[in-house]
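The lines below spell out each chain.
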Amino acid sequence: MIRTRPMAIVSEAGVITFQDMPLPELGPSDVLIKVKVVTICGSDLHIFKGKHPAVDLPAPVGHEIAGEIVTVGDSVSRVSVGDRVAVEPALVCDRCVFCLRGDYHLCRHISFQYRRGQGGFTPYFVADQRWVHQLAENASYLEGALIEPMSVCVHAVRRANPGFGDNVAIFGDGAIGLFTLQAAQLAGASSIYLAGIGEQRLTKALALGATGVVNSLQADPVAYLREQTDGLGVDRSFEAVGIRQTLVQSLQSLKKGGTAVLIGLFEQPDVSLPANIFVQQEIGLLGSQGYAWDFQRTLDLIASGRVQLDAIVTHHFPLDQVQQAFDLLMQADTPAIKVAVIVDED
Ligand SMILES: [Zn+2]
Ligand SMILES: [Zn+2]
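Residues numbered from 1 in each chain as written. Chains lettered and ligands numbered in written order. Predicted model: local features only at pLDDT ≥ 70, side-chain atom pairs only at ≥ 80, totals over all residues.

**Student:** Looking at this structure, how should I read the overall build of the chain?
**Tutor:** When you go through the chain residue by residue, the secondary structure sums to 11 helices and 18 strands. Relative to the 2.2 N^0.38 estimate, which gives 20 Å for 346 residues, the radius of gyration of the chain is 20 Å and therefore close to what a compact globule would have. Taken along the three principal axes of its C-alpha coordinates, the chain extends 65 × 40 × 40 Å. Buried residues in the chain amount to 46% of all 346 residues. Here the analysis covers contacts within the chain between residues at least 6 apart in sequence; of these, 69% occur between residues at least 24 apart. (Helix = DSSP H or I, 4+ residues; strand = E, 2+ residues; numbered from the N terminus. Rg over C-alpha atoms; globule rule 2.2 N^0.38 Å. Buried ≥ 20, exposed ≤ 12 C-beta atoms within 10 Å, placed from the backbone. Contact = placed C-beta atoms within 7 Å.)

**Student:** How should helix H8 (residues 244-252) be read in this particular structure?
**Tutor:** Taken together, the buried positions of H8 are occupied by Thr 246, Leu 247, Gln 249, Ser 250, Leu 251 and Gln 252. Along its buried surface, H8 packs onto strand E11 (168-171), helix H7 (221-228), strand E14 (234-239), strand E15 (254-262), helix H9 (276-280) and strand E16 (284-287).

**Student:** What am I meant to see in the environment of Gln 129 here?
**Tutor:** Along the chain, Gln 129 falls in the loop between strand E9 (124-128) and strand E10 (132-134). Setting aside chain neighbours within four positions, we find Gln 129 in contact with Ser 29, Val 31, Val 76, Arg 78 and Val 79.

**Student:** Help me out: how do you make sense of the pairing of strand E13 (residues 212-215) in this one?
**Tutor:** A regular strand places its side chains so that they alternate between the two faces of the sheet. Taken together, the 4 bridges between strand E12 (residues 192-196) and E13 define a ladder with parallel strand orientation. Counted as the bridge partner of Gly 196 is Asn 215 from E13. Assessed by its sense of winding, the connection that carries the chain from E12 through helix H6 (residues 199-207) to E13 is right-handed. (Pairing = 2+ DSSP bridges. Right-handed = clockwise from strand over helix to strand, strands pointing away.)

**Student:** Is there a simple way to explain the packing of helix H4 (residues 147-160) against helix H10 (residues 294-303) in this structure?
**Tutor:** In a packed pair of helices, the relevant descriptors are the angle between the two axes and the axis-to-axis distance. One can describe the packing of H4 onto H10 by two numbers: an axis separation of 8 Å at closest approach and a directional angle of 110 degrees. Of the possible angle classes, the one that applies to H4 and H10 is roughly perpendicular. Residues Ile 147, Met 150, Ser 151, Val 154 and His 155 of H4 pack against Asp 294, Phe 295, Arg 297, Thr 298 and Leu 299 of H10. For the contact of H4 with H10, the per-class residue count stands at 5 nonpolar, 3 polar and 2 charged. (Axes fitted to C-alpha atoms, helices over the stretch in contact; angles between N-to-C directions. Parallel < 35°, antiparallel > 145°, perpendicular 65-115°, else oblique. Nonpolar A, V, L, I, M, F, W, Y, C, P; charged D, E, K, R; others polar.)

**Student:** How should the packing of H4 against helix H5 (residues 175-186) be read in this particular structure?
**Tutor:** Between H4 and H5, the least distance of the axes is 8 Å, while the angle of their chain directions is 55 degrees. Taken as axis vectors, H4 and H5 run oblique relative to one another. Of the two possible hands of crossing, H4 and H5 adopt the one that is right-handed. Of H5, the residues touching H4 (which contributes Pro 149, Met 150, Val 152, Cys 153, Val 154, Ala 156 and Val 157) are Ala 175, Ile 176, Phe 179, Thr 180, Ala 183 and Ala 184. Here the contact of H4 with H5 is built from residues that sort into 12 nonpolar, 1 polar and no charged. (Left-handed = near helix turned anticlockwise from the far one by under 90°.)

**Student:** I tried to follow the sheet that holds strand E1 (residues 4-12) on my own but got confused; where do I start?
**Tutor:** Strands belonging to one sheet form pairs held by backbone hydrogen bonds; the direction of such a pair is parallel or antiparallel. If you walk across this open sheet you meet the 3 strands as E2-E1-E4, and the pairing is antiparallel. Lying at the two open borders of the sheet, with one neighbouring strand each, are strand E2 (15-22) and strand E4 (59-60). Two strands pair when backbone bridges link them, and E1 and E4 are joined in this way by 2 bridges, in the antiparallel orientation. Looking across to E4, one finds that Val 10 is bridged to Ala 59.

**Student:** Is there a simple way to think about the sheet that holds E12 in this case?
**Tutor:** Overall, parallel pairing links the 6 strands, which are arranged E13-E12-E11-E14-E15-E16 in an open sheet. Among the strands making up the open sheet, the edge pair consists of E13 and E16. Averaged over all neighbouring strand pairs, the angle between strand axes comes to 20 degrees, with direction disregarded. Of the pairings in the sheet, the one linking E14 to E15 comprises 5 bridges and is parallel in character. For Arg 236, the partnering residue across the bridge sits in E15 and is Thr 259. Contacts from H5 reach E11, E12 and E14 within the one sheet, and its direction differs from that of E12 by about 175 degrees.

**Student:** Mind showing me how you'd approach unusual backbone geometry here?
**Tutor:** What you tend to see is this: most non-glycine residues have negative phi, and most peptide bonds are trans. Cis geometry is adopted by the peptide bond preceding Pro 58, which originates at Leu 57 and carries an omega value of 0 degrees. Not every positive phi belongs to a glycine, and Asn 161 is a case in point at roughly 45 degrees. In this structure, Asn 161 sits in the loop between H4 and E11. One non-glycine residue with positive phi stands out, namely Trp 293, at about 65 degrees. Note on placement: Trp 293 falls in the loop between E16 and H10. Its 14 C-beta neighbours within 10 Å are what place Trp 293 among the partly exposed residues.

**Student:** For this particular structure, what's the right way to read the nonpolar core?
**Tutor:** Soluble, globular proteins show a tendency: their nonpolar side chains are buried together. With 98 residues, the main nonpolar core has Ile 33 and Leu 194 as its most contacted residues. Looking at which element gives the most residues to this core, the answer is H4, with 8 residues. Each of domain 1 (4-145 + 308-342) and domain 2 (150-287) accounts for three or more of the residues forming this core. Every residue in contact with Ile 33, bar those within four places of it in the chain, is listed here: Gly 67, Glu 68, Ile 69, Val 70, Val 85, Val 87, Tyr 124, Phe 125 and Ala 127. (Core = buried A, V, L, I, M, F, W, Y, C linked by C-beta atoms within 7 Å. Domains from an automatic or database assignment.)

**Student:** What is the right way to look at H5 in this model?
**Tutor:** Every α-helix winds through 3.6 residues per turn, so residues three or four apart in the chain are directed the same way. Helix length check: H5, at 12 residues, gives a terminal C-alpha distance of 17 Å against a target of 16 Å (1.5 Å per residue), a fit within 8%. Where burial is concerned, most of H5 is hidden: 10 out of the 12 residues are buried. Turning to H5, its buried residues are Ala 175, Ile 176, Gly 177, Leu 178, Phe 179, Thr 180, Leu 181, Gln 182, Ala 183 and Ala 184. (Expected span 1.5 Å × (residues − 1).)

**Student:** What is the right way to look at the pairing of E12 in this model?
**Tutor:** The buried count for E12 comes to 5 of 5 residues, which makes it a mostly enclosed element. Taken together, the 4 bridges between E11 and E12 define a ladder with parallel strand orientation. Each bridged residue has a counterpart across the sheet, and for Val 168 the counterpart in E12 is Ile 192. Regarding topology, H5 serves as the crossover connection from E11 to the parallel E12, and that connection is right-handed.

Right, here's the structure in full:
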């Protein structure tokens, strides 16, 4: 019986150490997962820098997890030993008004596994059966790990609720920007423009079907988007960076009556906004928080072959090189887009 497992912890800003963490006893509805692949999220980087607004160091990291079930508790019926699964890392109370009406992502007591001491960069992970989702036969463990970030984007596009044939702008060329691009395509957007600062990432956006891309270091993306849309602007915009400049741009690039959706996490949340354009242009700004029932949608999208999630993964590292994987993503001109840690090769 395994009693402890090594787990990657951000012990101080910029430093990952492996610590032996106790493996919780399996409850009746829990499953024990042999972790296969964990991908690194933008929010992991906020923690790594010590700048996550809701997480103090030291803290475990890693919540984009796929693996194989190796043991199940006595009352587990949804899944079985040997199943290949993705883990939904949320933890909710099941009793508040939001949980009771199905909006569990808004739970008054929402938490996440990594905030309760269980990060993903570890060989074994324990989760309640309700939070594990079986992968389709054609889905790899890598795609399984990427269901979490894709679910964020599926949720954000559902929040934006674009009309058929609407045009869309995305600010941010990271994994969330590139996955939002794919989700917006599936939602029936006509033209999708993406603004970013990494040439390689912008090239990837074009390969994934973006109508046009703009490098915000070289051109004003708002002017570019006006030019592309006959001066009208776009119906829907997405902010997937988390800084004031791109938030303002996502508002300024909207068509009158349009809606911007905020996905990015702000390290400095007190930003000033041009308030009058909300009234003058009759635009809206919505937030999008995580996911609720979006893992199931993403699982189906993968099964149907309509998304290519692993196309944005540029680098793989073994478990003992989590530090190097984070260092690579922190480099100023990093060649990495999405980085995967292969915890177990088989
Ligand atoms: Zn994530
Ligand atoms: Zn709740």
